[in-house]
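An overview of the molecular structure
Take a look at the letters that make up each chain.
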Amino acid sequence: MKKETIIVKNLKKAYGTKIVTDDVSVTFYSGEIVSLVGHNGAGKTTFLNQLNGTVSSDSGTVYIHGVDITNHPNRARELVSSMPQFQVPIKGVTIKEAIECIGLLKGMKKSELNKSSKQLMDYLAIEKWQSTTGEKLSGGLQRLTSFAMTVVDTPSIIVLDEPTNDVDPFRRTLMWRYLRILANNGATVIIVTHNLFEVERYSDRYLMIDRGKIQKDVNVSDIKKERHILHQVSILLADESLLDNYSHQTSVRYDKFEKRMSFSVEDNQLQRTLSLILEWLREDKIISYDIKLKSLSDDYEEYIDE
Ligand SMILES: Nc1ncnc2c1ncn2[C@@H]1O[C@H](COP(=O)(O)OP(=O)(O)OP(=O)(O)O)[C@@H](O)[C@H]1O
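The model shown is predicted, which means the values in this text are computed figures rather than measured ones.

**Notes on the sheet that holds strand β6 (residues 81-83)**
Taken together, the 6 strands give an open sheet; going across it, the order is β6-β7-β8-β3-β9-β10, and neighbouring strands pair in mixed fashion. The open sheet is flanked by β6 and β10 (213-219), the only strands paired with a single partner. Adjacent strand axes in the sheet meet at a mean angle of 15 degrees when their direction is disregarded. For strand β3 (residues 33-37) and strand β8 (residues 188-192), the ladder comprises 4 bridges, and the chain directions are parallel. Directly across from V34, in β8, lies its bridge partner I190. Running at roughly 175 degrees to β6, helix α5 (residues 139-151) makes contact with β6 and β7 (157-161) of the sheet. Sheet strands touched by helix α6 (residues 169-184): β3, β7 and β8. Its angle to β3, the strand with the most contacts, is close to 130 degrees.

Rendered as structure tokens:
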């Protein structure tokens, strides 16, 4: 059975008259990777910082491992390991020193820390820069250092704000895989990200946040099940009159700037749809098309259209 690790009830936060976290209630469990997605300014970072105790809440409660951290924010900073949205200041400090300094602050023993930081730098393929100081590191390497500083003590609650930004595709995969290892060992991992492809590929669950509220709470495996019956069709039109035959159908969306018509079809309509598309292609009514299984990006677009 899944173990509850973070229980949030009716959490609120406003800056002046602007409500940023609006009566949020949600539970997180051990062993899961949960992504927070949503537009810029939706309130994702603020919510994350309410969990790690760096932003105070106006009302509501957050319990982490049974500890009320809204009234004891210092305990949150002990219980939660955080990777901030912005680069950590490590000017004049090498990658190795930065990681080990955090490990020592978190109470790790020197021998255990040496082993863990070496393993982590090897895993993330950053060991060759271990003696390079912060100001000489690329943006991606600084993100990887910040990531390593966050996970060096194998924490049980980890929150990360856009951790893979600036990181190359190879090392992004390594970061997600490392988080999966931690989750498989019982950690709760909560990530703010705009990368929907990574969310679908690597998360167990995502929360869609809009105007401070959780608008959707979805198990990624449910989308995967659902998409067996739904195929997303996207067609770039040469002849917009084609649209006249379809615009009355509620499932058809049309982007007039891109001249792109999109809709979803079920398994049993797929062959007929494909024959029609090929006919349109021969008649030069369309420029290109693609058909794919429904993805999280489609879910996100549908939400925006609503
Ligand atoms: N310290 C602050 N003082 C005043 N307003 C703030 C403060 N921090 C955040 N806000 C406002 O709260 C809203 C939510 O900001 P937040 O950073 O949580 O959004 P976000 O979803 O993480 O956005 P992004 O995806 O752009 O990082 C924004 O309108 C922002 O301007």
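**A word on the pattern of salt bridges**
Summed over the entire model, instances satisfying the criterion amount to 14 salt bridges. With a closest N to O distance of 3.6 Å, K213 and D22 form a salt bridge. Of this pair, K213 sits in strand β10 while D22 sits in strand β2 (residues 18-29); the two residues are 191 residues apart in sequence, bridging distant segments of the chain. Residue D153 pairs with K106 through a salt bridge whose shortest N-O separation is 3.2 Å. Taken together, the residues span a long stretch of sequence, with D153 in the loop between α5 and β7 and K106 in the loop between α3 (95-105) and α4 (110-123) at a distance of 47 residues. By relative accessible area, which is 35% here, K106 ends up partly exposed. Where salt bridges share partners, they join E32, R205 and D217 into one cluster.

**Remarks on the environment of D22**
Exposure remark for D22: the relative accessible area of 22% places this residue in the partly exposed category. Discounting residues that sit within four places of it in the chain, D22 has contacts with L11, R211, G212 and K213.

**So, the domain arrangement of the chain**
Partitioning the chain into structural domains gives domain 1 (4-220) and domain 2 (227-305). Relative placement of domain 1 and domain 2: their C-alpha centres are 38 Å apart. With 12 residues of domain 1 at the interface, the matching set in domain 2 holds 9 residues. For the pairing of domain 1 and domain 2, the buried interface totals around 940 Å² over both sides, and the portion due to carbon and sulfur atoms is 62%. Counting the surface domain 1 buries against domain 2, the share from its top three residues, L196, E200 and M208, is 52%. In this assembly, domain 1 and domain 2 are joined by 0 salt bridges. Scanning the region where domain 1 abuts domain 2 turns up 0 residue pairs in polar contact (both at pLDDT 80 or more). Contributions of two or more residues to the side of domain 1 that touches domain 2 are made by α7 (196-202), β9 (205-210) and β10. Grouping the constituent residues of the side of domain 1 that touches domain 2 by class yields 5 nonpolar, 3 polar and 4 charged.

Definitions and cut-offs
All chains use their own residue numbering, which begins from 1 and follows the written sequence. Totals for whole chains, interfaces and linings use every residue, but because this is a predicted model, local features are given only for residues with pLDDT of at least 70 and side-chain atom pairs only at 80 or more, for both listing and counting. To obtain the side-chain values, all non-hydrogen atoms of the structure were included, while hydrogens and water were left out. Whether two strands pair comes down to DSSP finding at least two bridges between them. Secondary structure counts use DSSP, requiring at least four H or I residues in a row for a helix and at least two E residues in a row for a strand, with both numbered from the N terminus. Lines fitted to C-alpha atoms define the axes, with helix axes restricted to the stretch in contact, and inter-axis angles between N-to-C directions lie between 0 and 180 degrees. Working rule for contacts: check all heavy atoms of both residues, and any pair within 4.5 Å makes them a contact. The working definition used for a salt bridge is a side-chain nitrogen of Lys or Arg within 4 Å of a carboxyl oxygen of Asp or Glu. Only protein chains enter the accessibility calculation, which uses a 1.4 Å probe. A residue is then buried if its area is under 20% of the maximum for its type, exposed if over 50%, and partly exposed in between. Annotation comment: domain bounds sourced from an automatic or database domain assignment. Values labelled buried area give the accessible surface lost by two parts on being combined, using a 1.4 Å probe and summing over both. Throughout this description, a polar contact denotes any pair of N or O atoms lying within 3.5 Å of each other; where both atoms belong to protein, one of them has to be capable of donating a hydrogen while the other can accept it, and for residues adjacent in sequence the pair is counted only when both atoms sit in side chains. For this classification, Asp, Glu, Lys and Arg are treated as charged, while Ala, Val, Leu, Ile, Met, Phe, Trp, Tyr, Cys and Pro are nonpolar and the rest, including Gly, are polar.

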